[in-house]
Amino acid sequence: MAPEKLTYMANQIAAFFRTRPHEEAVAGVADHISKFWEPRMRTQLFEMMKEPDSGFDPLVIEAGDRIRPVAKHS
Amino acid sequence: MSLSKEIDYGTPASKSEDTVTLTIDGFTVTVPEGTSVMRAAMETGIAIPKLCSTDMVDAFGSCRLCLVEIEGRRGTPASCTTPVVDGMVVSTQTDQLKTLRRGVMELYISDHPLDCLTCAANGDCELQDMAGAVGLRDVRYGYDGDNHVKTRDGGGEVNARYLPKDESNPYFTYDPSKCIVCSRCVRACEEVQGTFALTIEGRGFESRVSPGSFGDDFLGSECVSCGACVQACPTATLQEKSIYDIGQPEHSVVTTCAYCGVGCSFKAEMRGEELVRMVPYKDGKANHGHSCVKGRFAYGYASHRDRILKPMIRESIADPWREVSWEEALGFAASKLRRLQADYGQDSIGVITSSRCTNEETYLVQKLARAVFGNNNTDTCARVCHSPTGYGLGQTFGTSAGTQDFDSVEEVDVALVIGANPTDGHPVFASRLKKRLRQGAKLIVIDPRRIDLVKSPHVAASHHLALRPGTNVAIVTALAHVIVTEKLYDEAFIRERCDWDEFQDYAAFAADPANSPESVEALTGVPAETVREAARLYAKGGNAAIYYGLGVTEHSQGSTTVIGLANLAMMTGNIGRRGVGVNPLRGQNNVQGSCDMGSFPHELPGYRHVNNADVRDIFEKAWGVPISDEPGLRIPNMLDAAVDGTFKGLYCQGEDILQSDPDTKHVSAGLAAMECVIVHDIFLNETANYAHVFLPGSTFLEKDGTFTNAERRINRVRRVMSPKAGYADWEVTQLLANAMGGNWSYTHPSEIMAEIAATTPSFANVTYELLEEKGSVQWPCNDKTPDGTPIMHIDGFVRGKGRFIRTDYVATDEKTGPRFPLLLTTGRILSQYNVGAQTRRTDNVVWHEEDVLEIHPHDAELRGVKDGDWVKLQSRSGETSLRAKITDRMSPGVVYTTFHHPATQANVITTDFSDWATNCPEYKVTAVQVSPSNGPTDWQEDYENFSRQSRRVEAAE
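Residues numbered from 1 in each chain as written. Chains lettered and ligands numbered in written order. Predicted model: local features only at pLDDT ≥ 70, side-chain atom pairs only at ≥ 80, totals over all residues.

J.: What exactly am I supposed to notice about the overall build of chain B here?
T.: For chain B, the helix and strand inventory stands at 29 helices and 37 strands. For 957 residues, the compact-globule formula gives about 30 Å, and the C-alpha radius of gyration of chain B, at 29 Å, lands near that figure. The principal-axis extents of the C-alpha atoms in chain B amount to approximately 90 × 75 × 65 Å. Counting over 957 residues, chain B shows a buried share of 59%. Put simply, of all contacts in chain B between residues at least 6 apart along the chain, 72% involve residues at least 24 apart. (Helix = DSSP H or I, 4+ residues; strand = E, 2+ residues; numbered from the N terminus. Rg over C-alpha atoms; globule rule 2.2 N^0.38 Å. Buried ≥ 20, exposed ≤ 12 C-beta atoms within 10 Å, placed from the backbone. Contact = placed C-beta atoms within 7 Å.)

J.: Would you take a moment to explain the overall build of chain A for this structure?
T.: The secondary structure content of chain A amounts to four helices and zero strands. Taken along the three principal axes of its C-alpha coordinates, chain A extends 40 × 25 × 20 Å. Every one of the 74 residues in chain A was classed for burial, and the buried ones make up 34%. Sequence-distant contacts, at least 24 apart, represent 72% of the contacts inside chain A between residues at least 6 apart.

J.: How do you make sense of the packing of helix α9 (residues 359–373) of chain B against helix α26 (residues 749–759) of chain B when you look at a structure like this?
T.: Each pair of packed helices can be summarised by the angle the axes make with each other and by the distance between the axes. All names here are of chain B. At a minimum axis separation of 9 Å, α9 and α26 run at an interaxial angle of 65°. Viewed along their axes, α9 and α26 form a crossing whose handedness is left-handed. Here Glu 360, Tyr 363 and Leu 364 of α9 lie close against α26, whose contacting residues are Pro 749, Ile 752, Met 753 and Ile 756. (Axes fitted to C-alpha atoms, helices over the stretch in contact; angles between N-to-C directions. Left-handed = near helix turned anticlockwise from the far one by under 90°.)

J.: Honestly, helix α4 (residues 184–193) of chain B in this entry has me stumped. Any pointers?
T.: For an α-helix the count is 3.6 residues per turn, leaving residues at separations of three or four pointing the same way. All names here are of chain B. Within α4, nine of the ten residues are buried, leaving the element largely enclosed by the surrounding structure. For α4, every residue scored as buried is listed here: Arg 184, Cys 185, Val 186, Arg 187, Ala 188, Cys 189, Glu 190, Val 192 and Gln 193. As for α4, its buried residues are in contact with β6 (198–201), β7 (208–211), α5 (228–232), β8 (238–240) and α12 (427–438). Of the residues one or two after α4, Gly 194 is the one with positive phi, at around 80°.

J.: Whenever I open this one, the interface of chain B and chain A confuses me. Can you help?
T.: It is common to give the size of an interface as the accessible area that goes away when the parts come together. Contact residues are listed per partner, giving 23 residues for chain B and 17 residues for chain A. With four residues, the single largest contributor to the side of chain B that touches chain A is helix α22 (residues 635–644) of chain B. In terms of residue class, the side of chain B that touches chain A is made up of eight nonpolar, nine polar and six charged. (Nonpolar A, V, L, I, M, F, W, Y, C, P; charged D, E, K, R; others polar.)

J.: When you look at the nonpolar core in this model, what are you seeing that I'm missing?
T.: Residue and element names in this part refer to chain B. Core analysis: the largest hydrophobic core is formed by 171 residues, its most contacted members being Leu 479 and Tyr 538. Apart from residues lying up to four places away in sequence, Tyr 538 is in contact with Val 414, Leu 416, Ile 444, Leu 479, Ala 544, Leu 568 and Thr 572. Judged by nonpolar contacts, the second largest core, of 105 residues, contains Phe 373, Leu 550, Ile 635 and Val 732. (Core = buried A, V, L, I, M, F, W, Y, C linked by C-beta atoms within 7 Å.)

J.: I keep staring at the pairing of strand β31 (residues 822–827) of chain B and nothing clicks. Help me out?
T.: A regular strand places its side chains on the two faces of the sheet in alternate fashion. Residue and element names in this part refer to chain B. Counting buried positions along β31 gives six out of six residues, so the element sits mostly inside the fold. Here β31 shows no split at all, with Leu 822, Leu 824 and Thr 826 on one side and Leu 823, Thr 825 and Gly 827 on the other all buried. In this sheet, strand β36 (residues 926–932) lies alongside β31 in antiparallel orientation, the contact comprising three bridges. What sits directly across from Leu 824, in β36, is Thr 926. (Pairing = 2+ DSSP bridges.)

J.: Quick question: what am I supposed to make of the packing of helix α8 (residues 326–344) of chain B against helix α25 (residues 729–739) of chain B here?
T.: Residues and elements named next belong to chain B. Two elements in contact, α8 and α25, have axes whose closest approach is 9 Å; the angle formed by their N-to-C orientations is 55°. When the axes of α8 and α25 are compared, the pair comes out oblique. Like other packed secondary-structure pairs, α8 and α25 cross with a definite hand, here right-handed. In this structure, α8 uses Trp 326, Leu 330, Gly 331, Ala 333 and Ala 334 to contact α25, whose residues at the interface are Leu 735, Leu 736 and Ala 739. By residue class, the composition of the contact of α8 with α25 is seven nonpolar, one polar and no charged. (Parallel < 35°, antiparallel > 145°, perpendicular 65-115°, else oblique.)

J.: Looking at this structure, how should I read the sheet that holds strand β2 (residues 27–32) of chain B?
T.: Strand pairs in the sheet, formed through backbone hydrogen bonds, run parallel or antiparallel to each other. Residues and elements named next belong to chain B. A sheet is described by the order of its strands in space; here four strands give the open sequence β2-β1-β4-β3, paired in mixed fashion. The open sheet has two edge strands with one neighbour each: β2 and β3 (69–70). Bridge count for strand β1 (residues 19–24) against strand β4 (residues 89–91) is two bridges, and the pairing is parallel. Its bridge partner being in β4, Ile 24 is matched across the sheet by Val 90.

J.: Quick question: what am I supposed to make of the environment of Met 38 of chain B here?
T.: Mapped onto the elements of the fold, Met 38 of chain B is located in helix α1 (residues 37–43). Separated by 27 residues in the primary sequence, Met 38 of chain B and Thr 11 of chain B place their C-alpha atoms 7.3 Å from one another.

Here it is as structure tokens:
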């Protein structure tokens, strides 16, 4: 999808979890994206996160490593 | 099968638990205290003659036909208005009573036409029955006296008392010459429907039923055409036009309405395979014998000439359609889908299940994706309506289920209605709510519009919080702020039932001065004091129930608002008993069911995530195939992936995403990018303009199955006629699955339900036999709750402890500015339903033939717009034109329209902003500009041409 839309959606999720204690917020963002984002969306997310100025909320960046990786199948 | 005639007990049932024993005609009878003598007699099987009483309304005592004699009492009291007393001895038939009743009937008949043989009510007329019951043989007064029957009097002069038939309503007629002025219609309009459109005008012999004031006809009156008056009328005075056209029905089948999420039960009254009329079913647990204009009358679409009855295919959407056999269409579709998977990968195709089809059909469509396609690319229209309910209530309570049954409204003391317009969207529930409000319950409305509930006859909201669209979370948190800081919460309940630490955290958050009504006033536009008063009423007004709709969910913070509402209910202890709760009003007939059946891409039936290996194991064993543990694409994600070129094929059942989903241009770009779009529907809908395969669908009248309404009630849908295109929808899905190697062999929907019950704990004990026995059942229905579950969370929350979650307000990025200074919000109206595909093909169009833009007089004047003018409505996404309707129902700065008509395509305007948690689109907030216009925009004209091109059909040779 359009990169700015994906960034926007990820940051929306971060905005909801921001009021929670930091550790819980990071876990919340990672869990939400792992549970609801289809592999194509996560693949694109991981790709975009590699860019230095990705525009992602710091919470999303921090959650990055904990988001379910995408298996290389089909 | 026979024509089911429900017993009319004459007066409503008493709810008293104390009983009274009396003797009627020598029989000993025990009934609840407060029961009328008439009802007590009927309960023992003795039918006292009657005309003005019927058990849908309170006793009135005007016809003087139901007289009885009671030992020790003087005179002949009316049995309908006489309550039973212990030891009473009643006689219903004596010489005196016989003479009196015959005399009364003589008077009635002396002013009634004697055209029984050609009368529409012949065979279904209580006046005729009563004449027979009392043995009327002669009318001593003759028929030439003063009367309402004849157009001319004996001397040939015009009879001023005669009024011609009023045929203005498209569905029923009012024939004053046949009226006996029993008032049943007037009372039904008041007591059952709550509209107060009818009255008795004049006195004595002059009295007659009148819609509105003198000279008004039914169509021009306040009448909402719910049918309650027609139901109540004992004669042919108020009569369905279909009875005039066809005659009396000869058998009936109980089934469930296919319109809104109230899920009313109806008797489909039939003559052969022809539907004569739909009559609300008294034993229906959702509607108790009431109906609205859609369910009662708007079924004509089912036999509309636009129905497509033959499968069609085409290689390209530029080609005309070609009618083909079922085999060819299914073979074409199956090979295309398999080729796409071979070329673009297993995940390149998916399905959209329908919230209008049955549970069984929905279950099969998601099974098609998971078991035959081998992916989880399944989604449903709930994505764009109540998906935030699933998330919000799931997080806080542990289940997405609405907490109450509809009957619970009878014990509500304070109703908080937010983002819902029940009188239009859920009319039968609205009538029940209004009835409770007339009994004294209080009402809080939170809505940008002054919806009808705010002020209607004998109903007024205590508080109307007319907030700016997009500020729900701020208002809900401000309500919590007041409850926390003024210590209005129920500490005992919270300590026992919820996580106390989490409440402390939430309370600290809510108590922050930034969340006070005063702080958010500038944002929401609602005076702080109004918010405070509403919060106090909700917290301390007795049983408080929240009813909400899509005005809550269809926002970028939809899920957050749902969480906020759950927080309010928990902190005030308003959960787990009758009269309280959090009640999502579901839009379509089977939204609840389509969610239950595993339509969402991340969860299997019963709301269990696909990454749960134990759950996958259940289905892998049942289906004999591996199931992917990855969430699939949601509808908006499918469209994005299509534009990206990785999603190529879609099977869409009973859903018109082009018209109903936001940002039409994005939807059409996604559809246009796909190589195989299969539309399975009863009409060539807008989505079908982009389809390569069209599979004709069946209406709810043509198949067996179940719908699950907003109160989790599983109701039977029963086939009353053969599928016009040859197959019920579940059969078509099975044929498609088998064309792709699915090897399914269901022979009846009951077998599908058996598979659902075997795999899904909340449905474990649901069988067609149980539904036959009980009529309906509310899930969870299993060994723990074999009779179903009317009220959730009675002894504890499904998740254990109720969970409070912070609800930080984040303003939507859809903001007004100089170019787009107004906020558009969207909704629906009573006579039309969803994208209008059904209701537009009925006479309901007399009430609403086009979408209009509601605009405040101030905003209209600034723009030089007059009532009825064409205006252009423009947003960042697109523009359309429609007519303006100037009304102070809107707040300044906010405009409103519906999305019932494809000519308007209101969703060209809406944006692709969506709920953070679920991608539920933000339909309810779009920044727009309104300007005068000459007519349809270029886009509308182009689309109209494209549609016409796209719908060309070449008949089979």
